[in-house]
Each structure stands twice: as structure tokens, then as C-alpha cells.
Amino acid sequence: MAEHEHVRVAVVGTGFGGLGAAVRLRREGVTDFVVLERADSVGGTWRDNSYPGCACDVPSHLYSFSFAPHPDWPRTFSGQEHIRAYLEHVTDVFRLRPHIRLNSEVKRMTWDGEKLRWDIETASGRLSADLVVSATGPLSDPRIPDIPGLDSFPGKVFHSARWDHDYDLRGKRVAMVGTGASAIQIVPAIQPLARNVTLFQRTPPWVMPRMDRAISGAERRLHRLLPFTAQVRRGLLWGIRELQVQAFTKRPGELGAVEQLAKRNMARAIKDPALRAKLTPDYRIGCKRILLSSTYYPALAQPNVDVVASGLSRVEGATLVAADGTEAEVDAIVFGTGFHVTDMPIADRVVGADGRTLAEAWKGGMEALRGASAAGFPNWMSVIGPNTGLGNSSMILMIESQLNYLADFVRQLDVLGGRAALDARPAAVAAWNHRVQERMKRTVWNTGGCTSWYLDANGRNSTIWPGTTTEFRRATRRVDLAEYEVLRPSAPANAVTDESAEAAV
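For clarity, every value in this text was computed on a predicted model and none was experimentally measured.

A. Geometry of a nonpolar patch on the surface. Together, L222, L225, L226, F228, V232 and L236 line one region of the surface with nonpolar side chains, adding up to about 610 Å² of accessible area. Counting only elements with at least two residues in the nonpolar patch, the list comes to α5 (217–225) and α6 (227–249). With respect to the helices, strands and loops of the structure, L236 is situated in helix α6. The class for L236 is exposed, based on a relative accessible area of 56%.

B. Highlighting the sheet that holds strand β7 (residues 156–159). Reading across the sheet, the 5 strands line up as β7-β16-β8-β9-β12 and stay open at both edges, with parallel pairing between neighbours. Of all strands in the sheet, those with a lone pairing partner are β7 and β12 (305–308), marking the two edges. Across this sheet, the average inter-strand angle for adjacent strands is 15°, counted without regard to direction. Looking at chain direction, strand β8 (residues 173–177) and strand β9 (residues 196–200) are connected through 5 bridges and run parallel. When the bridges of β9 are listed, A175 appears paired with T198. Each of β8, β9 and β16 (332–335) is contacted by helix α4 (residues 183–190), which is oriented at about 165° to β8, the strand it contacts most.

C. Representation of the environment of H61 in the model. With respect to the secondary-structure elements, H61 resides in the loop between α2 (45–48) and α3 (80–93). Put simply, H61 and H4 are 57 residues apart on the chain and 42 Å apart in space, counted from C-alpha to C-alpha. Once you skip the residues sitting within four places of it in the chain, H61 turns out to touch H70, W73, I215, H223, A230, R233, R234 and L237.

D. Just the layout of surface pockets, in detail. Considering only enclosed or pocket space, the second largest pocket measures out at about 590 Å³ in volume. Around the second largest pocket sit 22 residues that line it, and R241, Q244, I290, L292 and N392 are the ones nearest its centre. Ranked by residue count, the leading element in the lining of the second largest pocket is α6, at 6 residues.

E. Region of interest: helix α1 (residues 16–27). In this model, α1 (12 residues) spans 16 Å end to end at C-alpha, consistent with the 16 Å of a helix rising 1.5 Å per residue. With 10 of 12 residues buried, α1 is to be regarded as a mostly interior element. Those residues of α1 not exposed but buried are F16, G17, G18, L19, G20, A21, A22, V23, R24 and L25. Following α1 by one or two positions, G29 adopts a phi angle in the positive range, close to 85°.

F. Structural detail: empty space enclosed by the protein. Considering all chains together, one arrives at 4 cavities of 30 Å³ or more under this definition. Roughly 70 Å³ of volume is contained in the largest cavity. Forming the walls of the largest cavity are 13 residues, and the residues nearest its centre are S134, T136, M344, W380 and S382. Of the residues contributing to the lining of the largest cavity, the split by class is 8 nonpolar, 5 polar and no charged.

G. Broad picture of helix α12 (residues 426–440). In this model, α12 (15 residues) spans 21 Å end to end at C-alpha, consistent with the 21 Å of a helix rising 1.5 Å per residue. Here α12 has its buried residues at A428, V429, W432, N433, V436, Q437 and M440. When α12 is viewed along its axis, its buried side chains cluster within an angular range of 160° and face the same direction.

H. Highlighting the sheet that holds strand β13 (residues 312–316). Strand order across the open sheet formed by 3 strands is β13-β14-β15, with antiparallel pairing between neighbours. Both edges of this open sheet fall to β13 and β15 (327–329), since each of them pairs with a single strand only. Taken over all neighbouring pairs, the strand axes of this sheet differ in orientation by 25° on average, direction set aside. As paired elements, β13 and strand β14 (residues 319–322) share 4 bridges and run antiparallel to each other. Bridge pairing links L312 to A322 in β14.

I. The environment of L243, seen in detail. Among the structural elements, L243 can be located in helix α6. Placed 225 residues apart in sequence, L243 and T468 show a C-alpha to C-alpha distance of 8.6 Å.

J. Highlighting the pairing of strand β6 (residues 125–134). The buried fraction of β6 amounts to 8 of the 10 residues, a majority that puts the element mostly inside the structure. Judged from the 7 bridges that link them, strand β1 (residues 5–12) and β6 form a sheet pairing that is parallel. Counterpart to V7 in the pairing with β6 is A129. Note: strand β5 (residues 117–122) against β6, 5 bridges, orientation antiparallel. Bridge pairing in β6 links W118 to A129. Between β5 and β6, which pair antiparallel in sequence order, lie 2 residues.

About the thresholds
Residues numbered from 1 in each chain as written. Predicted model: local features only at pLDDT ≥ 70, side-chain atom pairs only at ≥ 80, totals over all residues. Heavy atoms only, no water. Patch = residues over 30% accessible without salt bridge, like charges linked within 9 Å, V, L, I, M, F, W, Y side chains within 5 Å. Areas by Shrake-Rupley, 256 points an atom, 1.4 Å probe, with all protein chains shown as cover. Salt bridge = Lys/Arg side-chain N within 4 Å of Asp/Glu carboxyl O. Helix = DSSP H or I, 4+ residues; strand = E, 2+ residues; numbered from the N terminus. Buried < 20%, exposed > 50% of the residue type's maximum accessible area, 1.4 Å probe, protein only. Pairing = 2+ DSSP bridges. Axes fitted to C-alpha atoms, helices over the stretch in contact; angles between N-to-C directions. Contact = heavy atoms within 4.5 Å. 1 Å grid on protein atoms, 1.4 Å probe; cavity = no way out; pocket = protein on both sides within 12 Å on 5 of 7 lines; lining within 4 Å. Points joined across faces, edges and corners; volume = space filled by probe spheres on them. Expected span 1.5 Å × (residues − 1). Nonpolar A, V, L, I, M, F, W, Y, C, P; charged D, E, K, R; others polar. Arc of directions from axis to C-beta.

The following block contains the structure:
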């Protein structure tokens, strides 16, 4: 990277959001851009999460770009290795590698109000950009809770997103801390190998059967020969999930029938009434993400698995102590405790127009106009920003909507001409966020009686979109310049402008 390289656009991250932004920029005729990636390869969360059993809980044909259909998905729900290979494929097909700067973690991004540009410091050098697209994603920085005594644990400790493949779990006593989407895949994968697995469960999840199967060769040939058949398949998958949204956002009471299906799924595998009681949630299904697995409950029923219905409280040497006093001696601890979602570390590294970091601006909670633009941070856009998450469908749909918004943002800058920047008006951000939060009040995520990672430290849901993907696509189709302040370069104090020259005459 040149020491003083300047580009029109700098994209941060090479997951679905970053690669999608790069493709869209090229389609808009923008080739003067770089994609900054902190790791040594592309893939984002599908590169980082390589734990045993890692797979997607969204059907393959819906969990891919509409502009890059993949007829050869091997299963209806794809594994991590297949999704990562797909992202490598997208990178090559759309010729993105010349734009990508690997091992270039962003250390600082600072807005220069005079030059109307972002000055960016990375691990591989400095550069500047007219526009920044932050596509780091909410599932990129693992969160490990502050457990007293953890530092003195003599065994192995790692997070699910930083799996240590050199450590052999065969014959080991393993503690799994957490019961989220990663944990329910990890436990069945390691249970046959480990001497014993102790699951520390602070809150039980609702788990539905995972209707996964191999996609036949005939199906794949059909999708290759007649691409519209894959489009129909994708459309059906999308439509079903659009119809489900009302229950999550307006009529949570209707989800009671789904709870009964989940309970029957549990009862088929868990015969012990005491264990069933431990595993039965006391909140409305959907309040936390509904998990999909046909192997989780059978694994928990095995004799070498112990379920502790309490969170991990402290560590005393090799002994783990739960909040309810239960003790377990283990050789390794695997944390499946999620990520920094509502306090993303990248926010500490972005310095806006008034000298505040994005983290400081978001101290009261994340807010961004249409999930993209934060007030006081001109020409800075996020992909998968505040209130763009989904509880029942594919995030790729939301990402593509935000790419539409990005494309129009670039077009508007072109129309304005010259050196210009767009800064979201605080009133517009506040109005958008007010509408979102008002709609959020009746959703299952706010009324379901749970505490989830959707909520920030203030108890506000700053993560989920309270509507359909169709509604969000309409809301992000165009940039409304009335919601932005147009900035122009400020003239130096000793400069003579045309107006002052005329006045002097």
C-alpha cells in the first residue's frame, strides 16, 4: 500500500457485506476503491468460525447473493466450508482481488473536514478515502465474559470463533459455556470425542428440527441448465419467511403453536423429565433467535454430557463453579458466548467531524439513518448497521438493500459534483430511530420476556429490523438529500474567494 494512497472509496471487511459492496461499486463504474481486511484471507465470519459442526441456519439458496446464484450447493443448509468457498468464488468471479488489502486491520479513521476525506491508518500503512463503507459486521469480535479466576485456569481456553484446531479434544473433559447458535452445533460434534462435556446453560434456547438434506445431483443439474428454477426456489424460501414476519413483529401470541412443535422436538430425544425441565425456556419463542438442530437434544441425552442449568460464575484452578454452586473439573473451556454486537470495537476507531469517536456518539445506543449513516460522520456508511438484523430470514437480503442505498449515495455525490460530502442530519437520524423503536415495542424481541444479545446495555433493541425485508428494501431504495447536510470544502482563512474579490472591486 502506498504511503499516501488516496482512493474514492475504502471498504472495511471481506465478509458478505464487504465483498457485496465491492461488487456493487464495480457495477456502478467505480473502480478506484480498496477493501481493507485484517486477516490473511477473505470470508469474514465464515472464515473465523471454523469450529466443528459449523453451518448456516438459513437455506443455502437464500443465503447467497441474488447477483451470484450458486446452483451447486451440496446441502439445503450449507456448512462453513461451502460458504467460505462461495465467498472465495465471488471474489474471483468479480475480479476483486486486485482491490483487496489483506493483513490491513484498520487502526484509526479520522474525518478531515477541510479536505472532506477520511484519513485511515491501517496495520499495513496509511491512506485516505472520500467515502468509507464499514462492513465489519456485528459477529466479528468475540466476547468472553469476565470470569473471576479464568486467568489461572491451567487447561485450554478458547472462543468458538477462534477455534484451536491443534488442540485435540479426544478423551478430554470439556466445558461448553453458552447455549447459542454456535454451542448447539459444537456440542453434538464434540460429544462423541470427549470424555465428558459439561454444558453451562444460563438460558435454554428454543430449538426446532433442522430439515437438512443433501441436494441431489439431479436438482443441481436442473439449476445449472435452467437457472430460473433456482430463482423460483429462492423466491419460495423468501416468501415463506416474509409471511412469518407478522407473528414476530405484530402478533407474538401466534407463536404459541410453534412452541408446541419445539417442545415435541425436545420430547422425542429427552426422556428424562428433570432434564426436559432444565431445557424448557420460560420465555416466548422468537424472543431469542430460534435455533435449528436435529442433533443437539440427542447429544444432551448421552451419558457423557452434563447440563448445568446455571451460568459459569468463577474458576478455581481446574474446577469450574456455576452460579448455583455446581462444580465441574475440566481440561478445556470453550466459550460460545457471542460477540460485541451493540458495542462493536470498530466504533472506537472512527473519529467524526466533531472529534468524537463513533463509540462516544453511540454511548446512549447505536443509531443510524436507514441503518447506514450516523450523524456527524460524513461520507461514512455501515453495512449491517443498527437495526438491520433479522430474526427469521437471510441477512443477505438486508445487505443487498443496503448496497442499493450505497449505490445511490455514490450517484448523489456525482450529481452534486466537485468536492462534496453528505452528513446525516441529527433530526433525520432521530426521526428514523423513533419510528423503528415505536414499531419495536410490540415485537416478540421486546415483549417475549427474555434478555438477548439483540438488546444493548440500556435495554434498547438496536439490532433487529422490526419489519419485512421488502419494507426495508423500499426504505433504502433511494437517498433522500433532505435527510442530509451537503458539505463543501472550507476555504483557508487567507484565501480570496470570487465573492470577496468582487466586493473589493
